[in-house]
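An overview of the molecular structure
Residues per chain are reported as follows:
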Amino acid sequence: MMEPWLSIVGLGEDGIDGLSAAAREAIEQADLLAGGARHLKLAAGFGKPVLPWEVPFEASIPKLLAARGRRVTVLASGDPFWFGVASTLAARLPLREMIVWPAPSTFGWAAARLGWPLEQVTTLGLHARPITMLRPHLRPKARLIVLLRDGAAAAQIAAYLDGLGFGASRLTVLEALGGPRERIRDTRAYDFALSDIAAPVALAIEAQPDAQAVLMPRTSGLPDELFQHDGQLTKREIRAVTLSSLAPRGNELLWDIGAGSGAIGIEWLLADAGNRAIGIEARADRLQVARDNAAALGVPHLDIRHGRAPQALAGLPTPDAVFIGGGGTEPGLFDAVWQALRPGGRLVANAVTLETEALLIALYRQHGGSLLRLGVERADQVGGFTAWRAAMPIVQWSVQK
């Protein structure tokens, strides 16, 4: 069994002076030091050959792995397994080949300065991620600590919050925590005017919505008004039942066939941070709408692909659940989905047309499961009076393989 050749050392703003004896020894005995420019500068006194990280970081990984067998030490910020480099490297290396020395994280430093119980705080790393990932976490009295790439990102978040009706939220900008350059400043999102913000920077948010803010529920069935669509939208009540039938459990993959506006895939991703979703949509004009919806609602990682099932399913990773919202009568679709679905996986199909309904009834008779007919009526104004307006009924078949 290979001995650990890769050491990952977390550094704080106090630099080398804050390291344990073992972490310092990992630097002293290294044949090669790797890391960002700021961290390599802190270790310049050791006189070691260096591998600076490239932009994007992924380009540096092959060079790092090429040094396997030498003694290599990676310098990182704080806790390398908390939105850090160790998570990326652990996905490519057996854990037995590395050893990690974490330092106090920026999240820990921030919580200590703010007096916040860290287990009650949402922590996010938005160095290279869209700020719209904040959206699902914004609710009254929510507390968030967010790692940012620079001061400009703090100003962008303040403007974003103000635009969503969270302008009264209290923001705390925390710079270079735990070191001689530490600085902490408070403001409100609507009044943000801080400049000369130095990296590394974290932003603490105490969310406070105004009366007009649109809040995202924590349950399935988001308001229809949150989605852009051209009419191809699984309506709120049907969507809530559909998500309940799909039963997301966390760290699972969904195939959303006939993705339309992307609503089912979006709510699947919102159910758990570890979930993944691949949407298949035959109409090219709907792809960007689905992507825009996913970005706006905080799940930009929704994977929307142009194609027609079952052909477009070839080569996709094995799903834990499949939703068929369109194209259910395509020849060979059910067989392809059933073969791909893992044992114990769930299949849910919705039908509006009589042709698809007949197919689902036949599949129900063959495979069992649950067959529902869902109808929704909403009160609406008709000729100056209030009356019930019925939506098209949906037949839903759900089954576990």
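Structural data are supplied above this passage.
This section reports on the structure supplied with the text. (Residues numbered from 1 in each chain as written. Predicted model: local features only at pLDDT ≥ 70, side-chain atom pairs only at ≥ 80, totals over all residues. Heavy atoms only, no water.)

A word on empty space enclosed by the protein. Vacant regions in the atomic arrangement are exposed by a probe of water-molecule size rolled over the atoms. Under the defined criterion, the tally for this structure stands at one cavity of 30 Å³ or more. By volume, the largest cavity is sized at about 70 Å³. What lines the largest cavity is simply Ile324, Gly328, Leu333, Phe334, Leu347, Ala349, Asn350, Thr356, Leu359, Leu360, Leu363 and Trp397. For the lining of the largest cavity, the elements supplying multiple residues, two or more each, are helix H10 (333-340), strand S15 (346-351) and helix H11 (354-367). The dominant element in the lining of the largest cavity, judged by the number of residues it contributes, is H11, at four residues. Of the residues belonging to the lining of the largest cavity, the class tally is nine nonpolar, three polar and no charged. (1 Å grid on protein atoms, 1.4 Å probe; cavity = no way out; pocket = protein on both sides within 12 Å on 5 of 7 lines; lining within 4 Å. Points joined across faces, edges and corners; volume = space filled by probe spheres on them. Helix = DSSP H or I, 4+ residues; strand = E, 2+ residues; numbered from the N terminus. Nonpolar A, V, L, I, M, F, W, Y, C, P; charged D, E, K, R; others polar.)

We now examine the pairing of strand S19 (residues 394-400). The two faces of a sheet get side chains in turn, since along a regular strand they alternate between them. Counting buried positions along S19 yields six of seven residues, so the element is predominantly enclosed. The sheet contact formed by S15 and S19 spans six bridges and is antiparallel. Each bridged residue has a counterpart across the sheet, and for Ala351 the counterpart in S19 is Val395. (Buried < 20%, exposed > 50% of the residue type's maximum accessible area, 1.4 Å probe, protein only. Pairing = 2+ DSSP bridges.)

Further remarks concern the nonpolar core. Judged by nonpolar contacts, the single largest core of 26 residues is most densely connected at Leu134, Leu148 and Ile205. Listing elements by their share of this core, those giving two or more residues are strand S7 (143-148), helix H6 (151-163), strand S8 (170-175) and strand S10 (201-206). Every residue in contact with Leu134, bar those within four places of it in the chain, is listed here: Leu124, Leu126, Leu144, Val146, Ile157, Tyr160 and Ile205. Judged by nonpolar contacts, the second largest core, of 25 residues, contains Met216, Leu226, Ile266 and Ala321. (Core = buried A, V, L, I, M, F, W, Y, C linked by side-chain atoms within 4.5 Å. Contact = heavy atoms within 4.5 Å.)

For the structure on display, the rule yields 30 salt bridges. Among the ionic pairs, Glu13 bridges to Arg38, the shortest N-O distance being 2.7 Å. Of this pair, Glu13 sits in the loop between strand S1 (6-11) and helix H1 (21-28) while Arg38 sits in helix H2 (residues 37-42), and the two are 25 residues apart along the sequence. By relative accessible area, which is 19% here, Glu13 ends up buried. The partly exposed category is assigned to Arg38, whose relative accessible area is 35%. The partner of Asp303 in a salt bridge is Arg305, with the nearest N and O atoms 2.8 Å apart. (Salt bridge = Lys/Arg side-chain N within 4 Å of Asp/Glu carboxyl O.)

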